[in-house]
Amino acid sequence: MILSDLKAYLRDHGQASLPAMARHFEADAEVLRGMLDVWVGKGTVRLRPPEGHCDGCTACHTRCDEIYEWAAAPSAGHG
């Protein structure tokens, strides 16, 4: 997995919890967090404040603390 894979995943899904992305990519959450920090720094992804149960994560029974969402303005064509 490379940064562009993570970017494409969030762009396509709109938002995802860190545990859900770790399962999807079969990657360590700490590694993903570091990669997500790159996109957060560029302003294309943002970390949402905790709100309770996440939408779309059916595997956990507790609050997902880290939900990342695509924040970049939609581009024309392929991004």
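Throughout, a residue's number is its position along its own chain's written sequence, starting from 1. The model is predicted, so local features are restricted to residues of pLDDT at least 70 and side-chain atom pairs to those at 80 or more, both for listing and for counting; the totals for chains, interfaces and linings are taken over all residues. In computing side-chain values, all of the structure's heavy atoms are included and hydrogens and water are not.

*Asks:* Explain the environment of Ser17 residue by residue, including any values.
*Replies:* Strands are runs of DSSP state E lasting at least two residues, helices are runs of H or I lasting at least four, and both sets are numbered from the N terminus onward. Relative to the assigned elements, Ser17 resides in strand 1 (residues 15-17). To sort residues, take the accessible area from a 1.4 Å probe on protein chains only and compare it with the maximum for the residue type: under 20% means buried, over 50% means exposed, and anything in between is partly exposed. Under the relative-accessibility criterion, Ser17 is labelled buried at 4%.

*Asks:* Give a description of the sheet that holds strand 2 (residues 45-48) that names residues and reports values.
*Replies:* Here, a strand pair is defined by DSSP locating no fewer than two bridges between the strands. The strand order 1-3-2 describes an open sheet built from 3 strands, whose pairing is antiparallel. The open sheet is flanked by strand 1 and strand 2, the only strands paired with a single partner. Going across the sheet, the axis of each strand differs from the next one's by a mean of 25 degrees, ignoring polarity. Where strand 2 meets strand 3 (residues 67-70), 4 bridges bridge the pair, whose relative direction is antiparallel. From the neighbouring strand, Leu47 faces strand 3, where its bridge partner is Tyr68. Strands in contact with helix 3 (residues 29-42) are strand 2 and strand 3; relative to strand 2, the strand with the most contacts, it is inclined by about 115 degrees. Orientation is described by axes fitted as lines to C-alpha atoms, over the contacting stretch for helices, and by angles from 0 to 180 degrees between their N-to-C directions. Here, residues are in contact when the closest pair of their heavy atoms is within 4.5 Å.

*Asks:* How would you sum up the side chain of Glu66? Please name residues and give values.
*Replies:* Looking at the secondary structure, you find Glu66 in the loop between strand 2 and strand 3. Relative accessible area serves as the criterion here: at 17%, Glu66 is assigned to the buried category. Pairs of N or O atoms within 3.5 Å make up the polar contacts considered here, provided that, within protein, one atom can donate a hydrogen while the other can accept it, and that residues adjacent in sequence are counted only when both atoms are side-chain atoms. Only 2.3 Å separates the side chain of Glu66 from the side chain of Arg33, close enough to count as a polar contact. Within the structure, Glu66 has its side chain in polar contact with the side chain of Tyr68 (distance 2.8 Å). In this structure, Glu66 is in contact with Ala16, Ser17, Leu18, Pro19, Arg33 and Leu47, ignoring residues within four places of it in sequence.

*Asks:* Run through the nonpolar core, naming residues and quoting values.
*Replies:* Residues belong to a common nonpolar core when they are buried Ala, Val, Leu, Ile, Met, Phe, Trp, Tyr or Cys residues joined through side-chain atoms within 4.5 Å. Counting 15 residues, the largest nonpolar core has Leu6, Leu10, Met21, Leu32, Leu36, Val45 and Tyr68 as its most contacted members. Every element with two or more residues in this core is listed here: helix 1 (3-13), helix 2 (18-25), helix 3 and strand 3. Non-local contacts of Met21, meaning those with residues more than four positions away in its chain, are made with Leu6, Tyr9, Leu10, Ala16, Leu32, Leu36 and Tyr68.

*Asks:* Help me get a handle on the pattern of salt bridges, residues and values and all.
*Replies:* What makes a salt bridge here is a side-chain nitrogen of Lys or Arg within 4 Å of a carboxyl oxygen of Asp or Glu, nothing more. Scanning the entire structure with this criterion turns up 3 salt bridges. Between Arg33 and Glu66 there is a salt bridge, and its shortest N-O distance comes to 2.3 Å. Of this pair, Arg33 sits in helix 3 while Glu66 is found in the loop between strand 2 and strand 3, placing the two residues 33 residues apart along the sequence. Between Arg46 and Glu69 there is a salt bridge, with its nearest N and O atoms 2.5 Å apart. Residue Arg46 is located in strand 2, and its partner Glu69 is located in strand 3; the two are separated by 23 residues in the primary sequence. For Arg46, a relative accessible area of 41% puts it in the partly exposed group. By relative accessible area, which is 16% here, Glu69 ends up buried.

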